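Given next are the chains, with one letter for each unit.
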Amino acid sequence: MLRLMLRLVPRRHRFSAALVCARLLTPVISRTAYCRSRRKSIVDSPLEISLYLILAGLTREGISYEPCLHITGFDLFEAEVKAGRGVLLISGHNVFGFAILNYLAERGYKASLVSYTPDPHRLLAPGVPTEVIAPNRSYLLQIRNRFRNGEVVGAMIDRSEAVGDRTFPVATAGGTVHLADALIEVATHAKAGIIFLRASVEEGAIEIELTRPRLPEGDAKSDIKSDAKSIARDFAQFLQSHILRNTSR
């Protein structure tokens, strides 16, 4: 019924209408098995999950919409690309992180995605052809070579559970997440740029923020491994602030 109703709404107004529906239906959707499962990642708010489910339903039914997307910090990403470096674009498991793929494609950029899922972006960027890199024994070497060729690689590096010695725990306002920092170390070795990404629903739009990590200044003993650890800690703080903002709303 909801999809039928939104089909009758003019295309340019469908995103706003879907957001209104998400606000009204969040108490109901929050009790679904999917929402409870998705909330284990603690990165997205119930409203964001609800809106994602509605928009994903529209995509499955072939009902197009025009997302209201606001992006800050895109100049930081462009500066890294224009410098001729590869770029690692990392985030937590934000449901709306893939929305940036359309934005990149419209400006002539493309990114490969690291994912166990063959087409993780399909419901938010169905028209963007995107190569997916499945983790295997040699994928880190493959990604290093991509960085050296000046390519952009995107990845979500948070995990809901620890994965041996490949993750480290981060306490947040919503609970503990576990971050995998191998890609950060690969990017640092390859002298690739690193950009953090977070996505949320704010003031009637999908807000995507891009920012650079902070590296310690004037440290004569700094090396690649310590720089990678510093960037991973900075991303942990970045994710903590995002989750704190979501839990306080």
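Cut-offs applied
- Residues numbered from 1 in each chain as written.
- Predicted model: local features only at pLDDT ≥ 70, side-chain atom pairs only at ≥ 80, totals over all residues.
- Heavy atoms only, no water.
- Buried < 20%, exposed > 50% of the residue type's maximum accessible area, 1.4 Å probe, protein only.
- Helix = DSSP H or I, 4+ residues; strand = E, 2+ residues; numbered from the N terminus.
- Contact = heavy atoms within 4.5 Å.
- Core = buried A, V, L, I, M, F, W, Y, C linked by side-chain atoms within 4.5 Å.
- Pairing = 2+ DSSP bridges.
- Axes fitted to C-alpha atoms, helices over the stretch in contact; angles between N-to-C directions.

**Student:** So, helix H8 (residues 182–189): which residues are in play, and what are the values?
**Tutor:** Every buried residue of H8 is listed here: Leu183, Ile184, Val186, Ala187 and Thr188. Buried residues along H8 sit against strand S2 (87–91), strand S3 (112–114), helix H7 (139–148), strand S5 (152–156), strand S9 (193–202) and helix H9 (224–247). Following H8 by one or two positions, Lys191 has its phi on the positive side, about 60 degrees.

**Student:** Tell me what's going on with the nonpolar core, and back it up with residues and numbers.
**Tutor:** Residues Leu51, Phe96, Ile208 and Leu210 are the most contacted members of the largest nonpolar core, which totals 46 residues. Elements represented by at least two residues in this core include exactly helix H2 (14–29), helix H4 (46–60), helix H5 (74–82), S2, helix H6 (100–106), S5, S9 and strand S10 (205–211). Looking at which element gives the most residues to this core, the answer is H4, with seven residues.

**Student:** Could you give me a rundown of the sheet that holds strand S8 (residues 175–180), with the residues and numbers involved?
**Tutor:** Here three strands make up an open sheet; going across it, the order is S6-S8-S7 and the pairing antiparallel. Among the strands making up the open sheet, the edge pair consists of strand S6 (158–159) and strand S7 (167–172). When S6 meets S8, the two strands line up antiparallel, connected through two bridges. When the bridges of S8 are listed, Asp158 appears paired with Leu179. Packing of H9 onto the sheet brings it into contact with S6, S7 and S8, and relative to S7 it is tilted by some 35 degrees.

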